Amino acid sequence: MLLDTYGRVATDLRVSLTDRCNLRCTYCMPEEGLQWLAKPELLTDDEIVRLVRIAVTDLGVTEVRFTGGEPLLRPGLTGIVARCAELEPRPRMSLTTNGIGLERTAAALREAGLDRVNVSLDTLDPETFQRMTRRKRHADVLRGLAAAREAGLAPVKVNAVLMPGMNDQEAPELLEWALEEGYELRFIEQMPLDAQHGWQREGMITAGDILESLRTRFALTPEGQEERGSAPAERWLVDGGPQRVGVIASVTRPFCRACDRTRLTADGQVRTCLFATEESDLRGALRGGASDAQVAASWRKAMWGKKAGAGIDDPSFVQPQRPMSAIGG
Ligand code: SAM
Ligand code: SF4
């Protein structure tokens, strides 16, 4: 097991497949100037599959989520999914993506064994999309979403971040659209993980703001704390259900006490938390000839050192050096 000193057990592995991306969301990356990892620094497909195998067979991981950067930019993605689907016990597998290119790959990914997708989309307005992502790709995302639904990658979840002065008025509209399309919408509070270190607590759109805005159009009933479990989204039934909306309040209502995550960066570092300032190098162990048992021991040791919480709302909070795109969101 991946146990820490607070008694938490990590069963949910996030694997970043690349730090690169074809969008430049303002809350994530600058327009230019980010240093990408060089190819030799990235884990190879074989190394990724080996680490997932160790996580699943030796360390009790049951859920694997592929992310990035933009994971659809990784040429070997479908093969990685297919090989992980053959592991015993078979992990549940999902993908977090901006949806660009999903139109072409959704069916193959489903076929390879992917169970679910989360597609990030912050706005229904192509111009606002372009302002927020600095790219004209709104239509590609909508097509990617539809393809995921068609391929049966269900439930298709949509992640939205609200930014002041950009899309902060759009919450009810986004929810109406998601209900119509049959997508499960989740709002994520903007976190201090942008490469530019431009996040400000003041002015950020909080879970409270989002719920207030949604309640101007919908009746929301909490699904209940006990059902929240370790899932970071607090969920509400919309107009009595069965459809729901989620809010991930990482800043104003952190869920660290119930966290069940462990993370692997694209260059093979274990991170115990999105906000960790320390990493443990598994790539070095792999390339130095370590056995599975030795790799598993290093991973366990890293998780044992997991901190109690991220403390974003604490004045002493220090933003990690690596941005979200390099950690794997
Ligand atoms: N490129 C893929 C995508 O956008 O879905 C996967 C990686 S992205 C880093 C994963 C998720 O993190 C996305 O839903 C994105 O909106 C979210 N994200 C990125 N930067 C964020 C920030 N500073 N605060 C909150 N969420 C953020
Ligand atoms: Fe790319 Fe995802 Fe970051 Fe947007 S949030 S820049 S899509 S990695």
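Computed from a predicted structure; not experimentally measured.

### Here we look at the site of ligand 1
What surrounds ligand 1 is a group of 18 residues, the closest being Y27, G69, E70, S120 and M191. N159 is positioned such that a nitrogen or oxygen atom in its side chain is 3.2 Å from an oxygen atom of ligand 1. In this structure, a nitrogen atom belonging to ligand 1 sits 2.7 Å away from a main-chain N or O atom of M191. Considering ligand 1 on its own, with 540 Å² of exposed area, one finds that the protein chains cover 95% of that surface.

### Considering the site of ligand 2
Near ligand 2, the surroundings consist of C21, L23, C25, C28, G69 and N98. Classifying every residue of the shell around ligand 2 by side-chain character gives 4 nonpolar, 2 polar and no charged.

### Focus on the packing of helix α2 (residues 77-85) against helix α3 (residues 102-112)
Running from N to C, α2 and α3 point in directions that differ by 20°, and their axes come no closer than 8 Å. What the angle tells us is that α2 and α3 run roughly parallel. Handedness of the crossing formed by α2 with α3: right-handed. Residues L77, T78, V81, A82 and A85 of α2 lie in contact with α3, whose contacting residues are A108, L109 and A112. For the contact of α2 with α3, a count of residues per class yields 7 nonpolar, 1 polar and no charged.

### Comments concerning the pattern of salt bridges
Once their charged atoms are close, side chains differing in charge can pair, the charge on each being opposite to the other. Evaluated as defined, the whole model comprises 22 salt bridges. Here E181 makes a salt bridge to R149, at a shortest N to O gap of 2.8 Å. In this pair, E181 is assigned in helix α6 (residues 171-181) and R149 in helix α5 (residues 138-151), connecting sequence segments 32 residues apart. Relative accessible area serves as the criterion here: at 29%, E181 is assigned to the partly exposed category.

### Focus: the UniProt feature "binding site: [4Fe-4S] cluster 2" (unreviewed entry) in the chain
Feature annotation in UniProt places "binding site: [4Fe-4S] cluster 2" (unreviewed entry) on C256, C259 and C273, given in this structure's numbering. Taken along the chain, the residues just named run across 18 residues; in space they keep tight, none of their C-alpha pairs more than 9.1 Å apart. Lining residues of the largest cavity, restricted to the annotated ones just named, are C259. Considering the arrangement of structural elements, one finds C259 in the loop between β9 (244-248) and β10 (261-264). Assessed through its relative accessible area of 16%, C259 is described here as buried. Dropping the residues within four chain positions of it, C259 is found in contact with R8 and K306.

### Remarks on the packing of aromatic side chains
Under the counting rule described, the total for this entry stands at 2 aromatic pairs. When the ring of F275 is compared with that of F317, the centres are 5.7 Å apart and the planes differ by 70°; the resulting orientation is edge-to-face. Of this pair, F275 sits in the loop between β11 (269-271) and β12 (280-281) while F317 sits in the loop between α9 (292-304) and α10 (324-327), placing them 42 residues apart in sequence. F317 shares its class with F275; the two are buried.

### Re the layout of surface pockets
Size it by volume and the second largest pocket reaches roughly 260 Å³. L17, K39, L42, R74 and P75 are the residues nearest the centre of the second largest pocket, which is lined by 15 residues in total. When the residues that make up the lining of the second largest pocket are grouped by side-chain class, the tally is 7 nonpolar, 3 polar and 5 charged.

### Focus: α2
Three or more residues of α2 are buried, namely L77, I80, V81, C84 and A85. Down the axis of α2, the smallest arc covering the buried residues is 135°, so these residues share one side. Against α1 (45-58), β2 (63-67), β3 (92-97) and α3 lie the buried residues of α2.

### Here we look at the side chain of T123
Residue placement: T123 occurs in the loop between β4 (116-120) and α4 (126-133). Taking relative accessible area as the criterion, T123 reaches 1% and is therefore assigned buried. Among the polar contacts listed, one links the side chain of T123 to the backbone nitrogen of D125, at a separation of 3.0 Å. Engagement of the side chain of T123 in a polar contact is seen with the side chain of E170, the distance being 2.4 Å. Filtering out sequence-adjacent residues up to four positions away, T123 remains in contact with T128, F129, H138, E170 and L174.

### Notes on empty space enclosed by the protein
Scanning the model with the defined rule gives 1 cavity of 30 Å³ or more in all. Taken as a whole, the largest cavity encloses approximately 50 Å³ of empty space. Broken down by class, the residue content of the lining of the largest cavity amounts to 6 nonpolar, no polar and 5 charged.

### A few points about the nonpolar core
Residues V52, F66, L185, F187, V245 and W299 are the most contacted members of the largest nonpolar core, which totals 100 residues. The leading source of residues in this core is α1, at 7 residues.

### A look at the environment of D260
By the element assignment, D260 lies in the loop between β9 and β10. The buried category is assigned to D260, whose relative accessible area is 14%. On a C-alpha basis, the gap between D260 and R74 in space is 26 Å, while along the polypeptide they are 186 residues apart.

Conventions adopted
Residues numbered from 1 in each chain as written. Chains lettered and ligands numbered in written order. Predicted model: local features only at pLDDT ≥ 70, side-chain atom pairs only at ≥ 80, totals over all residues. Heavy atoms only, no water. Near = heavy atom within 4 Å. Polar contact = N/O pair within 3.5 Å; in protein donor to acceptor, adjacent residues only side chain to side chain. Areas by Shrake-Rupley, 256 points an atom, 1.4 Å probe, with all protein chains shown as cover. Nonpolar A, V, L, I, M, F, W, Y, C, P; charged D, E, K, R; others polar. Axes fitted to C-alpha atoms, helices over the stretch in contact; angles between N-to-C directions. Helix = DSSP H or I, 4+ residues; strand = E, 2+ residues; numbered from the N terminus. Parallel < 35°, antiparallel > 145°, perpendicular 65-115°, else oblique. Left-handed = near helix turned anticlockwise from the far one by under 90°. Contact = heavy atoms within 4.5 Å. Salt bridge = Lys/Arg side-chain N within 4 Å of Asp/Glu carboxyl O. Buried < 20%, exposed > 50% of the residue type's maximum accessible area, 1.4 Å probe, protein only. UniProt positions renumbered as here; feature names shortened; annotations may be inferred. 1 Å grid on protein atoms, 1.4 Å probe; cavity = no way out; pocket = protein on both sides within 12 Å on 5 of 7 lines; lining within 4 Å. Phe/Tyr/Trp six-rings, centres within 6.5 Å; stacked < 30°, edge-to-face > 60°. Points joined across faces, edges and corners; volume = space filled by probe spheres on them. Arc of directions from axis to C-beta. Core = buried A, V, L, I, M, F, W, Y, C linked by side-chain atoms within 4.5 Å.

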